[in-house]
Structures are given as C-alpha cells and as structure tokens.
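Each chain is listed here by its residues.
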Amino acid sequence: MTVRPASPPLGTPAPAETVLPETVLPPSRSPAAIALRRGLSHGGFLIGAGLVGLIVLVALAAPLVAPHDPYAQDVSRRLIPPIWHAKGTAEHWLGTDKLGRDYLSRLIYGSQISLLIGVSAALISGVIGTTLGVLAGYYGGRVDAVVSYVVTTRLALPVVLVALAMASLVGGSLKVVVLVLGFLLWDRFAVVTRAATRQVRAQDFVAAAKASGFGAGRILGQEILPNILNALIVVATLEMAHAILLEAALSFLGLGVQPPLPSWGLMIAEGKPYMFFQPWVITIPGIALVVLVLGINLLGDGVRDITAPEGRT
Amino acid sequence: MLGFALRRILVAISVALTVSVASFMLLHLSGDLATAIAGPEATSEQIAAIRVQHGLDQPLVVQFGSWAWHALHFDFGRSFYFPEPVTDLLASRMPVTLTLGIIALAVALLVAIPLGVLAAFYRDTWIDRTALAVSVLGQAMPSFWFGLTLIMIFSVNLRWLPVSGNASWKNFVLPAVALGYYAMPAVMRLTRNGMLEVLSSDYVRTARAKGLAPRKVLIRHGLRNAVIPVIALAAVQFGFMLGGSIVIEAVFSLQGLGQLAWESIARNDFPVVQAIVLVLAMIYIALTLAADLLNALLDPRLRA
Amino acid sequence: MPTRIDAGRMRKMGQGLAGALLGGFLLAVGPSPALAGKANDTLVYASDSEPENLSPYHNSLREGVILSRNVWDTLLYRDPKTGQQQPMLATAWTWVDPLTLDLTIRDGVTFHNGDPLTPEDVAFTFNYVLTPEAKIVTKSNVDWMKSTEVTGPHSVRIHLKAPFPAALDYLAGPTPILPAAYFKKVGLDGFSKAPVGTGPYRIVSTASGKGVKMARNDAYWPGSPIGKAKIGKLEFRVIPDGDSRMAELMTGGVDWIWRVPTDQADQLKRDPTLTVLSAETMRVGFLQFDVQGRAQENSPLKDVRVRQAIAYAIDRKAMVDNLVRGGSRVMNALCFIEQFGCTDEGVPVYSYDPAKARALLKEAGYANGIDLDLAAYRERDYAEAVIGYLRAVGIRVRLNYLRFAAFRDAVRGGKVSIAYQTWGSYSIDDVSAFTPVFFGGGDDDVTRDPTVIAELKAGDTSIDPALRKAKYAEALKRIAAQAYALPMFSYPSNYAFTADLSFTAQADEIPRFYAASWK
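- As named in an unreviewed UniProt entry, chain A is ABC transporter permease, taken from Methylobacterium terricola.
- The record in UniProt for chain A states the following under Sequence similarities (unreviewed entry): "Belongs to the binding-protein-dependent transport system permease family."
- Looking at chain A in UniProt, the text filed under Subcellular location (unreviewed entry) is "Cell membrane".

### What about the overall build of chain C?
1) Next: Of the regular secondary structure elements, chain C holds 15 helices and 18 strands.
2) Next: A globule of 519 residues ought to have a C-alpha radius of gyration of about 24 Å, and chain C, at 24 Å, matches this closely.
3) Next: C-alpha atoms of chain C, sized along the principal axes, occupy 75 × 60 × 50 Å.
4) Next: The 519 residues of chain C split such that 60% are buried.
5) Next: Of all intrachain contacts in chain C linking residues separated by at least 6 positions in sequence, the fraction that spans at least 24 positions is 69%.
6) Next: Working note: accessible area of chain C is about 19100 Å², and carbon and sulfur atoms make up 52% of it.
7) Next: Distance from the positive charge centre (60 side chains) to the negative charge centre (58 side chains) of chain C: 3 Å.

### Observations concerning the overall build of chain A
1) Next: Along the backbone of chain A there are twelve helices and zero strands.
2) Next: The long-range fraction of contacts in chain A, counting pairs at least 24 apart against all pairs at least 6 apart in sequence, stands at 74%.
3) Next: As displayed, chain A offers around 11300 Å² of accessible surface, 69% of which is attributable to carbon and sulfur atoms.

### Details of helix H6 (residues 242-250) of chain C
Every α-helix winds through 3.6 residues per turn, so residues three or four apart in the chain are directed the same way.
Residue and element names in this part refer to chain C.
1) Next: Burial runs high along H6: eight of the nine residues are buried.
2) Next: For H6, the set of buried residues is Asp-243, Ser-244, Arg-245, Met-246, Ala-247, Glu-248, Leu-249 and Met-250.
3) Next: At the N-terminal boundary of H6, the capping side chain belongs to Asp-241, with an oxygen 3.2 Å from the backbone nitrogen of Asp-243.
4) Next: At the C-terminal side of H6, Gly-252 shows a positive phi close to 85°.

### Here we look at the interface of chain B and chain A
1) Next: Tallying the contact residues gives 58 residues for chain B and 55 residues for chain A.
2) Next: Counting the surface lost from both chain B and chain A, the interface buries some 4900 Å², and carbon and sulfur atoms represent 74% of this.
3) Next: Linking chain B to chain A there are one salt bridge.
4) Next: Applying the counting criterion to the chain B and chain A interface returns four residue pairs in polar contact (both at pLDDT 80 or more).
5) Next: Put simply, the parts of the chain that give the side of chain B that touches chain A at least two residues each are helix H1 (2-29), helix H6 (126-140), helix H7 (143-157), helix H8 (170-199), helix H10 (214-251), helix H11 (257-266) and helix H12 (270-298) of chain B.
6) Next: Among the elements that take part in the side of chain B that touches chain A, H10(B) stands out by supplying eleven residues, more than any other.

### Examining the sheet that holds strand E15 (residues 418-423) of chain C
Note: strands within a sheet are paired through backbone hydrogen bonds, in either parallel or antiparallel orientation.
All names here are of chain C.
1) Next: Read across the open sheet, the ten strands follow the order E8-E9-E10-E1-E11-E16-E12-E15-E13-E14; overall the sheet is mixed. Each edge of the sheet is formed by a strand with only one pairing partner; in this case those strands are strand E8 (201-207) and strand E14 (395-401).
2) Next: Two strands pair when backbone bridges link them, and E8 and strand E9 (residues 211-216) are joined in this way by six bridges, in the antiparallel orientation. Residue pairing across strands places Thr-206 opposite Val-212, the latter belonging to E9.
3) Next: In this fold helix H12 (residues 404-412) packs onto strand E12 (274-289), strand E13 (370-376) and E15, with an angle of close to 125° to the strand it touches most, E15.

### Some words on helix H5 (residues 86-121) of chain B
1) Next: The first and last C-alpha atoms of H5(B) sit 50 Å apart over 36 residues, in line with the 52 Å expected at 1.5 Å per residue.
2) Next: Of all the bends found along H5(B), the most pronounced is centred on B:Arg93 and spans about 35°, while B:Pro95, a proline, follows it within four residues.

### Topic: the packing of helix H10 (residues 216-252) of chain A against helix H11 (residues 264-271) of chain A
Residue and element names in this part refer to chain A.
1) Next: Two numbers describe how H10 lies on H11: the axes approach to 7 Å, and their chain directions differ by 35°. Relative to H11, the crossing made by H10 is right-handed. For the pair H10 and H11, the contacting residues are Ala-248, Ser-251 and Phe-252 in the first and Gly-265, Leu-266, Ile-268 and Ala-269 in the second.
2) Next: Residues belonging to the contact of H10 with H11 are distributed by class as follows: five nonpolar, two polar and no charged.

### Quick word on the environment of C:Ser328
All names here are of chain C.
1) Next: Here Ser-328 lies in the loop between helix H9 (316-324) and helix H10 (354-363).
2) Next: Ser-328 sits eleven residues away from Lys-317 along the chain, and the two C-alpha atoms are 9.9 Å apart.
3) Next: Sequence-distant contacts of Ser-328, that is, excluding residues within four places in its chain, are made with Val-320, Phe-489, Ser-490 and Pro-492.
4) Next: A distance of 2.9 Å separates the side chain of Ser-328 from the backbone oxygen of Ser-490, its partner in a polar contact.

### Section: the pattern of salt bridges
1) Next: Going through the model one piece at a time under the given rule, you end up with 43 salt bridges over all chains.
2) Next: A salt bridge links C:Asp243 to A:Lys272; its shortest N-O distance comes to 2.8 Å. With C:Asp243 in helix H6 and A:Lys272 in the loop between H11 and helix H12 (280-307), this pair bridges two chains.
3) Next: When its relative accessible area of 8% is taken as the criterion, C:Asp243 is described as buried.

### Examining the packing of helix H6 (residues 159-170) of chain A against H12(B)
1) Next: With their axes 10 Å apart at the nearest point, H6(A) and H12(B) run at an angle of 155° to one another. The orientation of H6(A) with respect to H12(B), classified from their angle, is roughly antiparallel. With respect to the hand of their crossing, H6(A) and H12(B) are arranged in left-handed fashion. Where H6(A) abuts H12(B), its residues A:Leu161, A:Ala165, A:Ser168 and A:Leu169 lie against B:Phe270, B:Val273, B:Ile276, B:Val277 and B:Leu280.
2) Next: The residue inventory of the contact of H6(A) with H12(B), partitioned by class, reads eight nonpolar, one polar and no charged.

### Topic: the sheet that holds strand E5 (residues 100-105) of chain C
Residue and element names in this part refer to chain C.
1) Next: Within the open sheet, the four strands sit side by side as E4-E5-E7-E6. Their pairing is antiparallel. Edge positions in the sheet fall to strand E4 (90-97) and strand E6 (145-152), since each has one partner strand and no second. Ignoring which end each strand starts from, the neighbouring axes of this sheet average 20° apart.
2) Next: In the sheet, E4 pairs with E5 via six bridges, with the strands oriented antiparallel. Directly across from Asp-97, in E5, lies its bridge partner Thr-100.
3) Next: Strand contacts of helix H3 (residues 119-130): E5, E6 and strand E7 (155-160), with the helix running at about 165° to E6, the strand carrying the most contacts.

Conventions used here
- Residues numbered from 1 in each chain as written.
- Chains lettered and ligands numbered in written order.
- Predicted model: local features only at pLDDT ≥ 70, side-chain atom pairs only at ≥ 80, totals over all residues.
- Heavy atoms only, no water.
- UniProt positions renumbered as here; feature names shortened; annotations may be inferred.
- Helix = DSSP H or I, 4+ residues; strand = E, 2+ residues; numbered from the N terminus.
- Rg over C-alpha atoms; globule rule 2.2 N^0.38 Å.
- Buried < 20%, exposed > 50% of the residue type's maximum accessible area, 1.4 Å probe, protein only.
- Contact = heavy atoms within 4.5 Å.
- Areas by Shrake-Rupley, 256 points an atom, 1.4 Å probe, with all protein chains shown as cover.
- Lys, Arg positive; Asp, Glu negative; His and termini not counted.
- Charge placed at Lys NZ, Arg CZ, Asp CG, Glu CD.
- Polar contact = N/O pair within 3.5 Å; in protein donor to acceptor, adjacent residues only side chain to side chain.
- Buried area = accessible area lost by both parts, 1.4 Å probe.
- Salt bridge = Lys/Arg side-chain N within 4 Å of Asp/Glu carboxyl O.
- Pairing = 2+ DSSP bridges.
- Axes fitted to C-alpha atoms, helices over the stretch in contact; angles between N-to-C directions.
- Expected span 1.5 Å × (residues − 1).
- Bend = angle between axes of the 7 residues up to and from the residue.
- Left-handed = near helix turned anticlockwise from the far one by under 90°.
- Nonpolar A, V, L, I, M, F, W, Y, C, P; charged D, E, K, R; others polar.
- Parallel < 35°, antiparallel > 145°, perpendicular 65-115°, else oblique.

Next comes the structure, spelled out in structure tokens:
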C-alpha cells in the first residue's frame with residue numbers, strides 16, 4: 001500500500017496505526033451495555049468525556065455564563081491582571097486584555113469558535129474522506145488505485161503552507177478557515193475507512209447481502225457504513241483536534257479567524273507582546289487549547305479502546 | 001520487488017506532476033501576474049507588453065509547459081518583492097530549515113525510541129503510562145504556544161539560550177525541541193507497538209524460555225526488528241516537519257524557508273510561495289518513496 | 001569538497017539541495033556570530049521590515065530611510081535643532097528664478113568605492129530617478145524636478161516643473177546622491193546587492209533575511225556637518241517580530257530597538273541595563289476611506305454621513321490617553337500639526353459621540369449596521385481598537401493585516417474599504433510632504449476630489465507663504481468636512497537601547513547612528 005497516514009508535526013500526530021482495522025466489529029456483537037461498562041471503567045475515556053462535555057456545555061451556555069460582553073472594550077481598564085494576582089479584581093476573574101475586554105468572557109466565547117471549527121472541519125473532511133475511502137475499499141482495483149493516488153497527492157502538500165496561502169488569497173475568516181481545513185484534512189478518513197471497508201467487505205454478512213442481490217448502494221449504506229462507524233468516530237476526534245490546533249496556528253500567524261472574534265489562537269497572538277511581563281495573557285488561552293485538545297484525544301483513544309474486541313491493544 | 005518498485009516510482013512521478021499543477025495554479029489564482037510583475041505604477045500599455053514578453057497571453061497549458069520546464073531546471077522566476085531570482089532566495093534560506101529539521105528529527109528520535117522501548121518492555125507499569133502521558137501532551141500542545149513558553153522559560157528567565165535568529169548552534173536548540181516534540185508521539189507509539197509485537201513473537205518467547213537475559217533479548221531481537229518501520233516513519237515525519245516548520249520559524253524568527261513563505265504570503269509574493277510549496281512537496285514525495293522502498297525491501301509482505 | 005557553501009552563488013537548486021544538506025551545518029551553525037555591544041564596538045540595531053531593495057529610491061520603508069541617512073549624503077543638510085539648511089555635498093546654492101536652482105558641488109568627496117564625487121553623479125542621480133524605467137517607489141520626492149544639467153566642473157542646475165517652495169527640504173532629505181559610473185556598470189540589481197554611497201558608514205555585506213552589515217567610512221570627507229561616525233561597526237538585523245526584538249534586547253542579542261509599544265516600554269524602564277526614550281514623532285495615523293466605492297459594490301462609504309458616523313464613533317482621545325500615550329496628540333487636520341502649512345483652525349472636529357454616529361447611520365439608511373473591511377500594516381492594537389469602537393455603533397469591520405508592500409498595492413488598487421494609513425512625511429517639515437501625497441491626485445490618492453487637488457496644487461507651487469497657508473487650510477477643511485479621511489493622532493516612538501549607548505532621538509524618526517557613541 002502506498003498510503004502513509006503519518007501525521008504533520010503541527011497538529012495531533014496520532015498515527016493511523018492507533019486505529020487498527022481490527023477495531024471494526026459488527027455492532028450486533030458488541031452491545032451497548034458492554035461498551036458502557038467498559039467506558040465507565042476506562043479512566044482516559046472518562047477524563048476526556050468530562051473535559052469535552054464541560055467545554056461543550058460552557059460553549060452552549062456562553063451567553064449565560066459569560067460575565068461580560070466579550071467585545072465590549074474599555075481602553076481605560078486595560079490589562080487588569082487575574083483575580084489571584086495582587087492587583088486583580090472580582091469584576092474580571094481572568095483580568096482584561098489590551099483593549100480592556102473581559103478575558104474570561106472572551107475565553108468562554110472562544111470555546112464556541114474552537115468547537116465550531118473542529119466539528120465543521122471534521123464533518124466536511126469526514127464526508128470527503130469517507131466517500132473516497134469506502135469507494136476504494138469496496139470496489140478495490142482501479143478505484144482503489146485512483147483514491148490512493150489522490151490521497152498521496154494530498155499528503156505531499158504541506159498543510160500549513162497551503163492553508164495559509166489559500167486563506168491569504170481568499171481573505172482570512174471563520175468560514176474560510178473551516179472550508180480550507182475541511183478540504184485539507186480528509187486524508188486520514190480516507191485511509192482508515194478504506195482499510196475498514198475492505199475488512200467488513202470480506203465478512204460473511206456482506207457476502208450474504210451480495211448473494212441476495214442487493215445493490216452496491218444498499219450494501220454500502222446498510223452494511224458497511226454502520227460497521228465502520230467506530231473507526232470513523234475515532235478518526236473524527238483526531239481530525240477535530242487537528243483542525244482546532246491548525247486554526248489556532250493560522251490565527252496566530254494572522255491569516256485565520258480575524259479580530260475581534262475571540263479565537264483562542266488569536267488571543268495568544270494578541271497576548272504575545274505582553275508575554276514577558278503579563279504572562280497570563282498567553283498561558284490562559286494556551287491552557288484552554290491544551291485542555292480541549294487533550295480531552296478530545298483522550299475521548300478518541302477511549303472510544304477506540306472500548307470498542308476494540310480485546311480491550312486495550 | 002522490481003515490479004513493486006517500478007509501480008511505486010510511477011505513482012511518485014504522477015503525484016509530483018499533480019502537485020506541480022496545483023502549485024502552478026496557486027500562482028495563477030493569486031491574481032493577474034502581468035499586473036504584479038509590472039508593479040503598481042505601470043500603465044496599461046506596459047502591462048500588455050509584459051503580458052506578451054512573459055508569455056502570459058498564451059493558453060494556460062502552454063504556460064504550464066514552459067513553467068514546468070523552467071521549474072525542472074530549478075528556475076522559478078523572479079520574486080515580486082526582492083530583486084532576486086526565487087532560486088537564489090530559496091538556496092539562501094534552505095540550509096536553515098534543513099538544519100532545523102535534522103536537529104528536530106534527531107531530538108524526536110533520541111527521545112521517542114528509548115521511551116517507546118521502555119514503554120513496551122515495562123508494559124502497563126508507571127513507565128508505560130508516563131510515556132503515554134508525554135506523547136498525549138505532545139499531541140495536545142499547539143507548537144507555537146509551546147515555543148513561546150520555551151522562550152519565556154529558557155531565553156528570558158534563565159537566559160540560557162538565544163531568542164531568535166540563526167547565528168549559532170544555540171539558536172537551534174529551542175526551535176528543534178518545539179518542532180521535534182510533535183514528531184515524537186508518533187514515533188514513540190510505533191516503537192512501542194513494534195516492540196510489543198516482537199516481544200510476543202515466537203522466537204523471542206523461545207529465547208526467553210532458553211533463559212537469555214531479558215535485556216539481551218530486547219536489544220538483540222526486539223529493537224532490530226522494531227526499528228525498521230520507525231526509520232521509514234522518521235523519513236516521512238521529516239518531510240512533514242519541513243512543512244510544519246513555518247510556525248516554529250515564525251515564533252523564533254528563524255530566517256528559513258518557512259519564514260520566507262509566511263512573509264511572502266503576507267507580501268503577495270506568490271512566485272516564492274509556489275516554489276516553496278513545490279520544493280517541500282517534492283522533498284516529501286522523495287522521502288515517502290524512499291521509505292516505501294525501504295519497507296518493501298525489508299518486508300516482502302508489503303510488496304503485494 | 002568545499003568547506004563553505006556560498007549561498008549567493010548557488011544558482012541551481014539541485015546543487016542547492018545536496019549542498020545545503022552538507023553545508024547546512026557549516027553555514028547555519030558554523031561561524032560564530034558577530035557579537036553585539038560596546039566590547040566589540042558593534043552597534044546592532046533591529047527593526048521589523050526588510051527593504052525590498054537597498055537602493056534608497058527603490059523602497060519606501062523607514063528601514064531604508066535609516067540606511068539612506070547613514071550610508072549616503074544629500075546635497076544639503078537640515079540641522080534638526082534649528083531647522084536650517086546647511087551645506088553638505090553642495091557648498092552653495094542660489095535660486096536663479098523660482099524654476100531654476102544652481103548648486104556648487106563640493107570637491108574632495110569620494111564614494112566608498114574610491115570614485116570621486118562629481119556634478120555628473122548629481123545630474124545622473126536626479127535624471128535617472130525621473131525616468132519611468134527606473135521604477136522608483138518614492139516618486140513624490142523627486143517629481144517636482146524636471147531635469148538636472150551639469151553647468152561646469154563644480155556646478156549643476158536643477159530645473160523645476162513648477163515653483164516648489166519645499167525644494168530645499170527635499171534636497172536635504174530623501175534625495176541621496178548615487179555614484180553614476182558604478183551604478184551604470186552594475187545596474188540596479190547589482191547596486192542593490194552592493195550599494196555604494198558617500199556617507200559615514202559603508203555597507204560591507206547584505207543578505208536577504210539576515211540584514212545589513214556596515215563599517216565606519218574612515219575616509220569620510222572632513223568638514224561634513226554630521227562628522228565621522230563614532231562607532232566602528234553597525235549592523236542592521238531584521239527581526240520581524242516585535243516581541244523577539246524586545247527579548248533580544250533584554251538578553252543582549254541586540255543593542256538598540258525602536259517602536260516598542262508603550263506598555264512594554266514602561267516595563268523595560270525598570271531594567272537598569274537599558275535606557276528607554278519616548279518622543280512624539282511626525283508620523284500621523286489616519287483612516288483613508290474608499291470614497292469612490294471601488295472596494296465593494298454600493299459601498300456605504302460613498303455616503304458622507306457614513307464616513308462622519310465613523311469619525312464620531314471612535315474615541316481618539318481615549319486611545320491617545322490609554323493606549324498610545326508617550327506624547328501622542330489627537331490630530332484633526334490631515335497633516336502633522338507642526339508642519340508648515342498644517343493648521344486645524346476652522347477644520348471641523350469630530351469628537352467622540354456614538355449616539356450621533358448611530359443617528360447618522362440611521363439617517364443614511366443603515367440602521368441595521370454595515371459590513372466593511374479595514375486594512376492595516378502597523379500597530380495592530382490601534383486598528384483593533386478602531387474596530388471595537390465601530391462595532392459598538394453597528395459597523396462590523398473585518399481586519400486585513402498586511403505587510404506594507406501588499407498593503408500599499410491593495411490600497412492603490414482600490415481593494416480596501418478603510419485603510420489604516422500612517423505617514424511620516426519623509427521627515428519633511430512642510431505640509432507638502434503629507435497631504436498632497438494622499439489627496440494631490442497621485443498614486444496614493446484614492447479620493448481624487450478635483451477641488452482638493454487644485455487647492456493643494458496651488459499651495460505646493462506658490463512661493464508666497466501666506467497664499468500657501470490659505471490654500472492648504474482650504475484643502476484641509478474640505479477633507480475634514482467631507483470626512484474623506486479621519487486623522488487619528490501623532491505617533492510616539494519608544495526607543496530602547498543598552499545603557500552603554502549614548503543616543504539621541506529626533507522627532508523626524510530617523511535614528512542617526514553616526515552620531516551615537518559608547519559611554
């Protein structure tokens with residue numbers, strides 16, 4: 001096989017070999033109850049689910065939990081330090097930024113942007129990658145060769161550079177970042193679904209469906225897709241994390257999400273001039289990013305372990 | 001083997017061709033080249049003259065042909081910004097990025113391989129879990145943030161290492177650590193999995209049963225077999241790191257290809273951007289080809 | 001095997017790739033760096049942008065201006081203390097009539113390559129930069145000249161297109177003299193790689209991305225009003241990132257930085273090994289509106305009420321007091337208030353009034369707000385604060401932060417709704433160096449109001465000071481009343497440098513390194 005799903009150094013370099021095709025099993029043989037029991041005893045999964053759940057909750061309830069309007073600037077109240085600092089105030093728990101905007105509120109609204117980008121980019125790339133991967137895995141032969149070639153081509157392009165160039169040509173914005181990342185990060189979906197589809201295709205029940213004269217569309221939709229779902233979820237978490245980190249990097253380089261949107265990557269970029277004297281302006285959004293990505297990765301690893309036939313590999 | 005190699009080389013060539021089309025299109029999507037070459041104050045007659053002079057009035061296919069022919073001879077035209085050929089610019093910036101990539105890869109391997117071996121050997125102990133935690137954290141930290149944190153600690157507070165530039169070997173330490181950390185988890189996991197596979201294989205079990213010391217078994221049989229795919233992965237990771245160094249170079253003000261690419265994008269200097277895209281892609285293609293051939297040479301099962 | 005790869009000579013990437021692999025360590029890691037500081041008699045200064053071309057007429061960056069003043073001489077010298085013109089490369093000058101200027105060229109001056117300075121060099125320089133083939137980027141500095149002729153072994157005559165009262169200011173600033181014979185021999189490309197001038201420093205080496213190394217011109221001509229340089233070696237390092245520059249200064253990697261944001265300057269003042277200077281400069285920031293509506297269809301900016309709403313929505317005073325500080329002042333007329341001919345008397349003032357801004361928007365039919373883009377290339381904070389203020393009255397603005405070259409091209413090409421411009425007037429103390437650049441019908445004039453153009457032209461070409469003042473005042477009033485542009489404030493410059501260095505800053509934003517010395 002010519003496809004090499006190693007990962008770029010920038011994002012989440014979990015290699016695809018962590019999502020081995022053996023993890024694929026027909027759902028009838030791994031009932032929800034077993035998964036639940038395994039999930040509850042899996043530490044990483046629990047931590048991941050907790051972290052992600054918390055951030056999703058905060059993002060959804062942002063208007064309720066944010067103490068201030070994240071865009072309201074007051075240049076006479078700039079750079080107030082966080083509450084644990086001697087000069088902190090209870091009015092701004094995490095202080096204010098260089099334009100006097102409430103840092104906690106920006107952090108809270110920033111979670112919406114990170115999640116939005118992670119989910120939408122993973123959706124777009126998931127659709128592209130899964131389509132290619134399933135077709136390649138199901139039909140094999142020439143289709144497989146073409147898909148392999150497309151994936152290899154895509155892998156040869158330096159992601160950050162191409163994303164930066166595209167964002168600069170079109171003009172950086174939330175929509176552009178989602179689209180560019182969505183159209184760049186589908187390679188792992190294709191690789192994993194291809195392998196998974198090949199395996200499922202060889203199983204008895206697919207052969208039976210074929211023998212009963214069902215069309216390819218029906219077999220793909222009803223037999224194959226549900227059976228590669230677990231593998232898909234794992235890849236989706238990886239790519240979500242990857243997209244979130246790439247968005248932060250693009251915004252940091254000034255070609256991603258544009259001000260005044262409170263993207264975490266942008267907050268780090270904006271806080272950079274202050275890092276030597278007011279280090280919290282970059283440590284706070286940085287930790288938020290680490291926590292979110294860590295949560296998503298742990299969740300993904302957990303799902304893989306839980307749905308694997310023999311527990312942890 | 002020959003058949004496999006030929007097929008694989010054919011794929012590499014067609015991928016290279018596709019990438020060059022993509023990079024050519026990138027240049028053309030960036031706006032009207034004649035206007036860009038002529039400069040902001042040119043009259044429309046001057047622009048028209050330049051269009052003819054540079055062959056920009058020809059059909060796109062013809063233009064691609066001539067562009068590809070020049071690119072094949074390492075001629076990427078002239079920068080819109082600097083009064084220099086793109087090739088000269090790349091040649092002067094390439095060593096910095098390659099040096100960074102090589103050191104970063106060395107850092108990654110020197111940490112990841114021992115850690116992976118230990119994790120496999122002491123499976124499910126605190127060593128294994130620590131190794132896992134280190135790799136999970138590596139995947140979750142944004143590289144630019146990690147780089148900034150390193151600067152804050154080691155350059156500004158402790159003053160051990162310089163902040164920016166590429167004047168001496170010391171300048172490469174922090175960026176290489178920041179970049180290398182991102183290649184590390186993948187290599188670590190692969191080493192660990194490879195070692196586990198080897199350790200559970202029959203001949204190791206036999207050796208163990210014969211009473212050979214565990215350490216000897218590990219080194220004599222385990223490492224040798226587990227390390228080959230790691231080398232192949234390392235080659236690929238190196239290609240990725242060159243592409244990913246753009247962020248690290250920006251953080252550490254290293255004047256390498258990445259910094260040049262970033263600034264050229266901001267300056268709309270697309271002849272430089274497309275040349276860098278092309279060169280990085282070609283390096284990647286060459287590395288993956290080498291890795292695949294190496295793997296196939298060592299593992300006949302892959303030649304199918 | 002070569003032990004060192006000469007990057008400049010590597011034409012082929014094929015060799016480059018193999019060579020780079022081998023030579024990478026040697027080139028990138030090998031030689032130990034020239035150390036900064038007093039002990040090495042090397043003053044290392046860092047700034048953010050790299051001039052695209054070191055020829056002083058072929059870049060419009062401040063970094064280029066600094067090099068220009070340290071490496072080249074001009075015909076006249078303007079004393080920054082008195083503002084008076086003094087002889088430099090020209091020993092005497094007389095106006096034959098308002099269109100003809102005769103100058104006597106100094107004897108005994110040599111270029112860094114040994115060529116003596118002659119009147120031919122002066123005539124060549126000015127005639128060459130006026131040709132369209134020269135493609136200079138600082139046209140507004142020279143296009144008042146028609147031609148220059150050699151009239152004797154020591155004299156030249158400059159013919160003007162029209163009377164130009166600020167001519168002597170220009171001859172004392174952005175019009176350095178190039179070596180004719182050398183320039184003709186090497187061409188612009190060669191000149192940009194190995195520039196030659198007559199100034200107190202000579203350029204030793206240049207490399208893209210690495211900066212410029214200079215050494216004292218020991219053969220500098222005696223009797224120059226600026227005198228011989230005191231520090232032996234000067235090095236310009238390009239560090240694009242402001243925080244890296246600051247960290248380099250704090251850790252001793254560089255000796256001198258500028259454009260330190262006021263917040264950080266306050267922090268650096270606490271470091272006893274550093275000296276921090278803050279001073280107002282002639283640079284003024286302003287928002288230039290796409291009045292012609294080229295950037296988007298049916299641009300709301302065509303409506304004067306929308307432009308006025310923007311002006312009322314921004315609290316420039318609060319920005320000056322809290323964000324900019326360091327001696328900055330709010331400007332109401334589109335020029336630096338101390339320049340000759342710049343006045344805000346009778347110029348409409350837009351003080352902060354968000355309610356009025358909303359009312360004006362509503363009146364213009366934009367009660368639901370508008371979407372615009374804003375391009376900026378410096379001081380991102382200021383642009384973001386502007387965006388924050390506009391957002392509060394319902395104007396949603398997207399920031400497009402660009403490098404200067406891309407910014408300039410985008411604005412000139414009419415692709416920008418609001419351009420956050422800043423202008424330092426090439427340090428010329430006359431309004432003709434500011435307002436006409438953006439409203440006189442040239443490349444940077446995106447408004448092209450014929451009334452304003454005519455008024456500015458009348459001011460530029462008259463030799464009667466009273467008439468000039470009156471004409472400029474009319475133009476400034478109209479620009480403000482129509483809100484073609486919104487002047488923001490003057491910019492402070494914060495310099496930070498090692499406490500070993502004795503350095504004086506001038507309001508014209510040109511660091512004179514030749515005058516600096518070690519303590």
